[in-house]
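# Report on the structure
Residue strings, one per chain:
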Amino acid sequence: MASSLLSSSAKPCYSATKLPTPSSRAPAPRFAHGLSAAAVRASPRAPRLCALARNIRASQQQPRRPEYVPNRIDDPNYVRIFDTTLRDGEQSPGATMTSAEKLVIARQLARLGVDIIEAGFPASSPDDLDAVRSIAIEVGNTPVGEDGHVPVICGLSRCNKKDIDAAWEAVRHARRPRIHTFIATSEIHMQHKLRKTPEQVVAIAREMVAYARSLGCTDVEFSPEDAGRSNREFLYHILEEVIKAGATTLNIPDTVGYNLPYEFGKLIADIKANTPGIENAIISTHCQNDLGLATANTLAGARAGARQLEVTINGIGERAGNASLEEVVMAIKCRGELLDGLYTGINSQHITLASKMVQEHSGLLVQPHKAIVGANAFAHESGIHQDGMLKYKGTYEIISPDDIGLTRANEFGIVLGKLSGSHAVRSKLAELGYEISDKEFMDFFKRYKEVAEKKKRVTDEDIEALLSDEIFQPKVIWSLADVQATCGTLCLTTATVKLIAPDGEEKVACSMGTGPVDAAYKAVDQIIQIPTVLREYSMSSVTEGIDAIATTRVVITGDVSNNSKHALTGQSFNRSFSGSGASMDVVVSSVRAYLSALNKMCSFAGIAKASSEVHESASVQSKE
């Protein structure tokens with residue numbers, strides 16, 4: 001038994017399936033653990049290695065994604081991935097995204113291969129409804145990938161007709177629309193939050209699921225909120241009733257991250273064994289990370305019979321966040337043999353770019369030691385580790401960076417500098433996995449040249465910082481023309497800022513402050529004149545060295561977003577907005593970040609105001 005345990009734990013798992021067993025003389029193990037395609041082509045044994053590469057790629061191919069049917073999956077080993085980054089993830093403080101940003105992320109989620117995209121909570125605000133509708137129209141009707149995958153587009157709603165109507169209005173434009181409705185079922189929630197009896201809760205759930213189906217939506221998901229703390233018998237009963245009413249997916253949330261993995265796994269198994277009609281619906285999981293167990297609980301649920309897993313990119317979400325998509329997917333891919341052969345339709349090559357995109361648009365940074373996508377996830381500094389890696393990568397890496405689309409090695413020997421032309425820079429962007437339009441490239445290339453004039457060598461990290469500052473930004477309403485700051489121990493700190501207004505007019509203001517950033521922000525406030533509060537401010541260097549690019553991130557709040565409602569409580573709340581900026585000058589970087597957040601706030605306020613005016617006009621006309 002000891003030998004079998006040793007054999008199981010020592011085996012590296014760079015792919016979901018076993019690699020072909022090489023002969024003792026073949027260099028296959030090194031190739032299997034990261035030898036690049038360019039190195040294979042350059043090798044004198046290239047024909048034999050290329051043949052081996054083809055065999056390995058063939059062995060790594062997963063079964064085709066089963067045809068989508070709302071209430072069943074024809075392959076019992078297939079697990080649907082339900083991404084709620086744009087709904088639950090956006091409820092994180094400071095993670096507010098504009099409609100345009102949500103659409104960009106939704107496109108990336110489709111390329112990633114997500115089965116269901118929960119695009120938002122349409123009843124929360126006019127902006128959210130517009131965003132979900134846009135995603136349904138574009139992403140919900142556009143095939144991607146070799147298999148022509150089109151994701152399901154889902155909208156969240158509480159168990160009331162107004163919410164369900166808003167969700168249906170937003171998602172009905174998609175090829176595969178879904179309404180996700182929920183109501184609390186734990187005793188503590190029913191008594192203190194809903195103030196309703198269990199019988200009333202069952203009646204509401206049954207009626208609202210039936211109402212969603214009556215609108216023409218054939219794909220309805222139901223969630224008993226706080227299922228992890230709900231009475232088992234009551235849970236079986238309400239799930240039976242919503243199945244009869246037409247629910248096709250039953251999501252079982254550990255809403256407050258209370259369950260331990262064995263508890264949650266047993267909960268899923270018990271529901272599967274004791275709920276009448278369960279064979280006519282898909283069981284799903286939604287695990288919060290309050291005790292750091294969201295990924296473990298999700299995997300336990302999958303092993304117990306759940307065939308839909310609700311996750312977010314980078315694990316973002318309320319409080320401590322949600323189960324992380326990259327952790328769940330790569331755990332299934334890496335340890336599939338211990339999960340009864342489960343597999344997903346995710347193309348893991350798009351994970352790294354999706355992670356960076358969500359960081360930039362949400363303003364929520366990933367800690368360096370974050371599993372899979374953290375900066376240190378594939379870094380080896382210890383001498384012992386480095387020695388092992390040089391000898392055989394499988395000693396300390398259980399998955400390859402290539403598996404998640406993380407590329408740092410330059411196969412073509414290109415080192416970018418001030419003499420590099422646009423073709424070389426475009427090649428570098430393609431190598432890093434970025435696809436941008438010609439206009440976006442020209443804007444980026446101008447910034448690149450400015451930095452390259454000051455730095456001898458422009459690194460991958462510099463490239464990505466500049467991309468974030470130029471491409472991953474909200475709609476430009478106010479733009480920075482110039483900034484000049486004077487500071488030190490011998491003078492008063494002052495800053496002069498010139499901004500370009502939405503109509504193209506240049507506006508200038510000067511202010512004093514406790515430091516150059518404070519003075520510059522006060523000058524910006526004098527020009528834009530929107531009441532804001534700076535909630536968070538942080539700065540970091542992109543690379544080592546005194547010539548490093550500085551990246552600044554800020555979070556602000558204002559009085560422009562009171563139309564927003566919280567998904568779970570229904571209470572209005574004041575949104576916060578994040579912004580980021582990058583420059584070799586820390587003051588310029590700081591002002592860029594502040595303007596980024598202000599532009600996002602202005603954009604959101606403009607959409608909300610326009611939607612409000614439309615509703616008021618319609619109301620006046622109806623009265624007339």
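Just so it is clear, the structure is predicted and the values come from calculations on it, not from any experiment.

### Concerning a nonpolar patch on the surface
A cluster of nonpolar residues, Leu 534, Tyr 537, Met 539 and Val 586, forms a patch on the protein surface that exposes about 330 Å² of accessible area. Position of Leu 534 relative to the elements: it lies in strand β12 (residues 532–541).

### A word on the pattern of salt bridges
Tallied over the full model, the rule gives 34 salt bridges. Residue Arg 65 is joined to Asp 115 by a salt bridge in which the shortest nitrogen-to-oxygen separation is 2.9 Å. Residue Arg 65 is found in the loop between α4 (46–60) and β1 (80–83), and its partner Asp 115 is found in the loop between α5 (99–112) and β2 (116–120); the two are separated by 50 residues along the sequence. Salt bridges here are not isolated pairs; linked through shared partners, they connect Glu 90, Lys 102, Asp 128 and Arg 575.

### Side note on the nonpolar core
Ranked by internal contacts, the top residues of the largest apolar core, which has 110 residues, are Leu 112, Ile 153, Phe 222, Ile 252, Ile 271 and Phe 444. The greatest single-element share of this core, amounting to 8 residues, is contributed by helix α10 (residues 232–245). Filtering out sequence-adjacent residues up to four positions away, Leu 112 remains in contact with Ile 313, Leu 325, Gly 345, Ile 346, Asn 347, His 350, Ile 351 and Ala 354. Of all hydrophobic cores here, the second largest spans 28 residues; its members include Val 517, Ile 527, Ile 528 and Ile 556.

### Observations concerning the confidence of the model for the chain
Overall, the prediction assigns the chain a mean pLDDT of 82, with 78% of residues at 70 or greater. Low pLDDT, under 50, characterises residues 1–59; the predicted model gives this stretch 58 contacts beyond four residues in sequence or across chains. Within the model, pLDDT remains below 50 along residues 409–413, and this stretch shows 9 contacts once partners closer than five positions in the same chain are excluded.

### A word on helix α7 (residues 161–171)
For an α-helix the count is 3.6 residues per turn, leaving residues at separations of three or four pointing the same way. Within α7 the residues assigned to the buried category are Asp 163, Ile 164, Ala 166, Ala 167, Trp 168, Ala 170 and Val 171. Those residues of α7 that are buried are in contact with α6 (126–138), β3 (152–158), β4 (177–184) and α9 (198–214). Where α7 starts, the residue carrying a side-chain oxygen 3.2 Å from the main-chain nitrogen of Lys 162 turns out to be Asn 160.

### What about the packing of aromatic side chains?
Under the criterion given, the structure shown has 5 aromatic pairs. With centroids separated by 5.3 Å and ring planes inclined at 70 degrees, the aromatic side chains of Tyr 78 and Tyr 343 adopt a geometry described as edge-to-face. Placement of the pair is Tyr 78 in the loop between α4 and β1 and Tyr 343 in the loop between α13 (325–334) and α14 (351–362), with a sequence separation of 265 residues. Relative accessible area serves as the criterion here: at 7%, Tyr 343 is assigned to the buried category. Here the aromatic rings of Phe 441 and Phe 445 are separated by 5.6 Å at their centres, their planes lie at 20 degrees, and the arrangement is stacked. With Phe 441 and Phe 445 both in helix α17 (residues 438–452) and 4 residues apart, this pair spans about one turn of that helix. In this pair, the class of Phe 441 matches that of Phe 445, namely buried. Grouped by ring-pair contacts, the aromatic residues Phe 441, Phe 444 and Phe 445 constitute a single cluster. Sitting above the plane of the Phe 441 ring, Arg 426 keeps its charged end 4.1 Å from the centroid.

### Observations concerning the environment of Val 144
Within the secondary structure, Val 144 sits in the loop between α6 and β3. Val 144 gets classed as buried once you look at its relative accessible area, which sits at 18%. Each C-alpha atom of the pair Val 144 and Leu 112 lies 9.3 Å from the other, and the pair is 32 residues apart in sequence. Leave out the neighbours within four places in its chain, and Val 144 touches Ala 110, Arg 111 and His 149.

Cut-offs and rules
- Residues numbered from 1 in each chain as written.
- Predicted model: local features only at pLDDT ≥ 70, side-chain atom pairs only at ≥ 80, totals over all residues.
- Heavy atoms only, no water.
- Patch = residues over 30% accessible without salt bridge, like charges linked within 9 Å, V, L, I, M, F, W, Y side chains within 5 Å.
- Areas by Shrake-Rupley, 256 points an atom, 1.4 Å probe, with all protein chains shown as cover.
- Salt bridge = Lys/Arg side-chain N within 4 Å of Asp/Glu carboxyl O.
- Helix = DSSP H or I, 4+ residues; strand = E, 2+ residues; numbered from the N terminus.
- Core = buried A, V, L, I, M, F, W, Y, C linked by side-chain atoms within 4.5 Å.
- Buried < 20%, exposed > 50% of the residue type's maximum accessible area, 1.4 Å probe, protein only.
- Contact = heavy atoms within 4.5 Å.
- pLDDT = per-residue confidence, 0-100.
- Polar contact = N/O pair within 3.5 Å; in protein donor to acceptor, adjacent residues only side chain to side chain.
- Phe/Tyr/Trp six-rings, centres within 6.5 Å; stacked < 30°, edge-to-face > 60°.
- Lys NZ or Arg CZ within 6 Å of the ring centre and 35° of its normal.

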